[in-house]
Amino acid sequence: MSLNCEDQELLEGFLTETTELLEKVDDDLLILEKTPGDMELLNRIFRSVHTVKGAASFLEFELLVKVTHKSEDVLNRLRKGELAFDNKIMDVILEAIDLVKLLVDDIKKDNIVERPLDGTLARLESVLADKHEESPAPIAEQTPDTQIPSSSESENEAPSPTETPDAKIEIQQKVEQESVAAGQQSSANKDAQDKSTLRVDVKRVDDLMNQVGELVLERNRMSHLNNDCLGRTNIDAFADEFGKLVKRISFITSELQMQVLKMRLVPVGTVFRKFPRIVRNLARDLGKQVDLKIFGEETELDRSVVDEIGDPLIHLVRNALDHALESAEDRLAAGKPRVGCITLSAKHEGNNIIISIKDDGRGLDPEKISAKALEKGVVTAEQLAQMSQKEIFDLIFLPGFSTKEKVSDLSGRGVGMDVVKTNVRKLNGIIDIKSEMGTGSEIILRLPLTLAIIQSLMVEIEGETYSIPLSAVIETLRVRQDEFCSVGGREVLRLRKTALPLMRLQQRFDIRGAESDREFLYVVVVGIAEKRLGLVVTRLLGQQEVAIKSLGNYLADVPGIAGSTILGDGKVALIVDPAKLIDGGEVEMYRHASSF
Amino acid sequence: MNTAAATSNSVEMKEERIQLVSFKIGNEEHGINVLKVREIIRMSNITRVPNTAGYIEGVINLRGKVIPIISLRMKFNLPEAENDSRTRIIVMDMDNELMGFIVDSVAEVIRIALSEIQPPPPIVTGGIDQECISGVINHDDRLLVLLNLEKMFSLEERQTFADII
């Protein structure tokens, strides 16, 4: 439907406001479930739904009005105390809110279709009609509001045993489920579309304005200096003034840089907020009892990181619920509390953000993993024998790996963990697993705060300048070339009782030069987790903060190169990718060289 | 009446002109659609990128953007030559990505009518893929080979610019 300009504005305002309200309602409903007596909360939810209804009515969105109207009625009864709160009513309300979200999404996509409202409306009606004891149990329970985007057909196979199956209702459930599942998917897609806008604290924008004001003043001084210098020949005075100017502009630029980066920061809570709902639904589906604890939601990270980290986190949490947490009986038998605990936390550490997903489930079983790896042929028995427990845990990140016997709809297809690792790598992050059998596991993601600017070590290799991200550099050494040894055909350096595998960057990057003639060379030891590699360079130039510039689509996959940067003299310098170089298998022999 | 209008339309279409930037590589003269050309700059410092195809000279800094530079000489399998004061880099917009092409010299911008474009003869030059030749033009007694540089890099080739040697 074509709208004129004002209407378009109204519509956009409606969509933004409603989306926000609905997100808040979602959160509030889950809190309400835990604290049903909280009248303040109930009132707030009621008011939000009422607002949405009002706006929808004003803009004449019929379907939306119908659903919100009924929902508002139920909420009204609840807050007046005419209805008592219980799980079943909660389910119906959640279902209704999902439907509302779906309808709003349709409006956003300008694709208003006739959605099957009757099921939900009927259930809302029946809640209104009966007191809570008589509310139709089978219907309420058999609408699992799954958040799984993939088809939830298989979910139908697990109805709760107390049901009296009614063919007509079941068919309706299928339709409802699909529309709800579709709704979840479209709201997931909607999140993806919302990438283009950003909410920024007004104070940050003001700070930025102030800095820009300072910059304008410095620019004026610079012009002034330029004009003055044209007339005079007093180099000393000029140099002095110029020096001061450079200092001030450097400072202001750094400040500006910090502030713009800060604007891109979003609290990780925006991702974390999805989880209570996901965990609740999943727990109900799996018949497990779970308590989700969230810490550090206010920790901020770059918007692009937030966008990318959502899916991997969801997968990891699903994994924890599905694989790691035992059923209630198993837990009691093991002496654990009945209710499983998953802790999702985020915190800053230096220039990184550490996100951790911890569970008190059964832990990873190295035996099982080894067996599976052997079976799949991804490792040989000898390799396994040499692996540390940590390395065995790392095997689960290999594609196609899954120790689950039955592939459920949720997980077990074995595509998840390696995708998670890839996504984390794409963000220049690392992922680690800690686990203890019987006690639980913890998955730790370490991500850099900013993607665009890094501290780097500038090096020179036979005349060409390269940049090595400082975050990967462990130490640097100046060595004589004759100290290099050879083990199994590879060059190594003896470093404090271990053998450090070496990689001559001159060879790797095909640079012309007479490196082998030099007496002294520098070795930059880089490391990712426990792996080490020594990069051989000609000279160290110093430490510098550089802005990463992408090489563009055409050169994106050059092996060993992560990107480029522009130096002070305008030339382009390439940024080395230590992780790729290390993973290139050069570190294999680190294990084998035991003692020197 | 109608036929007159129709014929004048088709005459107009034939008379539709496009503008080409003509440049030389070795002895050959080529032309590309000026609308695709962003700018023409002098040679600047090219930073080599390791492990890429031979014809990729490297990257340069174009006012804060890092763009890849291709040597058309190498791509066309012509013998290497020294850069001189006339060597230029033609920066083109290829599917929203900027790319620079090194040419020996840039001559002029010429206007030609679409009708002047003749289909490419079967064998024009050994080095260039037939696909990127969209035609030849006889202009001022010179033969200009019309290039469509976008076709030069097929999608897979573009995606695998990085050779693993």
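The structure under discussion appears in the preceding block.
Residues numbered from 1 in each chain as written. Chains lettered and ligands numbered in written order. Predicted model: local features only at pLDDT ≥ 70, side-chain atom pairs only at ≥ 80, totals over all residues.

**Description of the overall build of chain A**
Heads up, the rule is: The helix and strand labels rest on DSSP assignments: H or I over at least four residues marks a helix, E over at least two residues marks a strand, and numbering proceeds from the N terminus. Once C-beta atoms are placed from the backbone, each residue is buried if 20 or more other C-beta atoms lie within 10 Å of its own, exposed if 12 or fewer, and partly exposed for counts between those two. Placing a C-beta atom from the backbone of each residue, one calls two residues in contact when those atoms lie within 7 Å.
A count of helical and extended segments in chain A gives 20 helices and 18 strands. Counting every position in chain A, which comprises 596 residues, the buried fraction comes to 30%. Contacts spanning at least 24 positions in sequence make up 69% of the contacts within chain A whose residues lie at least 6 apart.

**Observations regarding the pairing of strand β11 (residues 142-147) of chain B**
Residues and elements named next belong to chain B. We apply this condition: Between any two strands, at least two bridges found by DSSP are needed for them to pair.
Here strand β2 (residues 28-33) pairs with β11 via 2 bridges, running parallel. Bridge pairing links glycine 31 to leucine 146 in β11. With 6 bridges joining them, strand β10 (residues 133-139) and β11 adopt antiparallel strand pairing. Of the residues in β11, the one forming a bridge with asparagine 138 is leucine 143. Hairpin remark: β10 followed by β11, antiparallel, with 2 residues in the connecting loop; positive phi at aspartate 140, about 55°.

**Brief notes about the sheet that holds strand β8 (residues 105-113) of chain B**
All names here are of chain B. In space, the 6 strands of this open sheet follow the order β8-β1-β2-β11-β10-β9, with mixed pairing throughout. Bordering the open sheet on either side are β8 and β9 (117-118), each of which pairs with just one other strand. Alignment of strand β1 (residues 17-25) against β8, held across 7 bridges, turns out to be antiparallel. Residue pairing across strands places leucine 20 opposite isoleucine 110, the latter belonging to β8.

**Some points on the sheet that holds strand β3 (residues 37-42) of chain B**
Residue and element names in this part refer to chain B. What counts is decided by this rule: Comment: axis = line fitted to C-alpha atoms, over the contacting stretch for helices; angle = value between 0 and 180 degrees taken between N-to-C directions.
What the 5 strands build is an open sheet, ordered β3-β6-β7-β5-β4; its pairing is mixed. Sheet topology places β3 and β4 (56-62) at the edges, where each strand pairs with a single neighbour. The average angle at which neighbouring strand axes cross in this sheet is 30°, direction not considered. Across 6 bridges, β4 lies against strand β5 (residues 65-71) in antiparallel orientation. Considered in β5, the bridge of isoleucine 60 is made with isoleucine 67.

**What to know about helix α5 (residues 118-129) of chain A**
Residues and elements named next belong to chain A. Applied cut-off: To estimate how far a helix should extend, the number of its residues minus one is multiplied by 1.5 Å. Directions from the helix axis toward the C-beta atoms define the arc.
Between its first and last C-alpha atoms α5 spans 16 Å; for 12 residues at 1.5 Å apiece the expected length is 16 Å, and the two agree. All of the buried residues in α5 are Gly119, Thr120, Arg123, Leu124 and Val127. Here the buried residues of α5 occupy an arc of 130° about the axis, which is enough to place them on one side.

**With respect to the interface of chain B and chain A**
Short version of the rule: Residue polarity is assigned by list, with Asp, Glu, Lys and Arg as charged and Ala, Val, Leu, Ile, Met, Phe, Trp, Tyr, Cys and Pro as nonpolar; anything else, Gly included, falls into the polar class.
The interface is formed by 19 residues belonging to chain B together with 21 residues belonging to chain A. At the level of secondary structure, the elements contributing two or more residues to the side of chain B that touches chain A comprise β4 and β5 of chain B. Its residues placed into classes, the side of chain B that touches chain A shows 10 nonpolar, 6 polar and 3 charged.

**Some words on helix α3 (residues 62-80) of chain A**
Counting along an α-helix, one turn takes 3.6 residues, and residues three or four places apart therefore face a common direction. In a regular helix each residue adds 1.5 Å, so 19 residues correspond to 27 Å; α3(A) covers 27 Å between its end C-alpha atoms and thus fits that length. The elements touched by buried residues of α3(A) are α2 (39-58), α4 (87-108) and α5 of chain A.

**Here we look at the packing of helix α11 (residues 275-286) of chain A against helix α12 (residues 303-324) of chain A**
In a packed pair of helices, the relevant descriptors are the angle between the two axes and the axis-to-axis distance. Residue and element names in this part refer to chain A. Quick reminder of the rule: Roughly parallel means an angle under 35 degrees; roughly antiparallel, over 145; roughly perpendicular, 65 to 115; everything else is oblique. Left-handed is the label given to a crossing in which the near helix is rotated counterclockwise from the far helix by less than a right angle, and right-handed is the label when the rotation is clockwise.
At a closest axis distance of 10 Å, the pairing of α11 and α12 adopts a crossing angle of 30°. Here α11 is positioned roughly parallel relative to α12, judged by the angle of their axes. Seen from above, α11 lies across α12 with right-handed handedness. Each of Phe275, Ile278, Val279, Leu282, Ala283 and Leu286 in α11 lies in contact with α12, whose residues at this interface are Ile314, Val317, Arg318, Leu321 and Asp322. A class-by-class count of the residues in the contact of α11 with α12 yields 9 nonpolar, no polar and 2 charged.

**Some points on the environment of A:Ala562**
Residue and element names in this part refer to chain A. Position of alanine 562 relative to the elements: it lies in strand β17 (residues 561-566). Between the C-alpha atom of alanine 562 and that of lysine 549, which follows or precedes it by 13 residues, the distance is 9.4 Å. Apart from the residues within four sequence positions on either side, alanine 562 is in contact with Ile575, Val576 and Asp577.

**Considerations on unusual backbone geometry**
Its identity is not glycine, yet A:Asp510 carries a phi of approximately 55°, on the positive side. Mapped onto the secondary structure, A:Asp510 falls in the loop between α18 (505-508) and β14 (520-528). The backbone of B:Asp140 sits at a positive phi, close to 55°, despite the residue not being glycine. With respect to the helices and strands, the residue B:Asp140 is situated in the loop between β10 and β11.

**Quick look at the nonpolar core**
Convention followed: Think of a nonpolar core as buried Ala, Val, Leu, Ile, Met, Phe, Trp, Tyr and Cys residues, each tied to the set through C-beta atoms within 7 Å.
Among the nonpolar cores identified, the biggest contains 70 residues, and A:Ile468, A:Val524, A:Leu535, A:Val536, B:Val59, B:Ile90 and B:Phe101 are the most heavily contacted of them. Of all the elements, strand β18 (residues 572-576) of chain A adds the most residues to this core, at 5 residues. With residues up to four places along the chain from it excluded, the contact list for B:Ile90 reads B:Phe23, B:Val37, B:Ile40, B:Gly100, B:Phe101, B:Val103 and B:Val106. In terms of nonpolar packing, the next biggest core, distinct from the first, is built from 38 residues, A:Phe272, A:Val317, A:Ile357 and A:Leu427 among them.

**Looking at the packing of α3(A) against α5(A)**
Residue and element names in this part refer to chain A. For the pair α3 and α5, the least separation of the axes is 10 Å and the interaxial angle reads 20°. Comparing their axes, α5 and α3 come out roughly parallel. Relative to α5, α3 is oriented so that their crossing is left-handed. Where α3 approaches α5, its residues Lys66, Val67, Lys70, Ser71, Asp73, Val74 and Arg77 are matched on the opposing element by Thr120, Leu121, Leu124, Glu125, Val127 and Leu128.

**Comments concerning the environment of A:Glu114**
Here A:Glu114 is to be found in the loop between α4 and α5. As for A:Glu114 and A:Leu63, which are separated by 51 residues in sequence, their C-alpha atoms are 8.1 Å apart.

**Re the pairing of β1(B)**
When a strand is regular, its side chains alternate between the sheet's two faces. Residues and elements named next belong to chain B. The pairing of β1 with β2 spans 6 bridges and is classified as antiparallel. The residue of β2 that forms the bridge with serine 22 is glycine 31. Hairpin geometry of β1 and β2 is characterised by an intervening segment of 2 residues between the two adjacent antiparallel strands and by a positive phi of about 65° at glycine 26.

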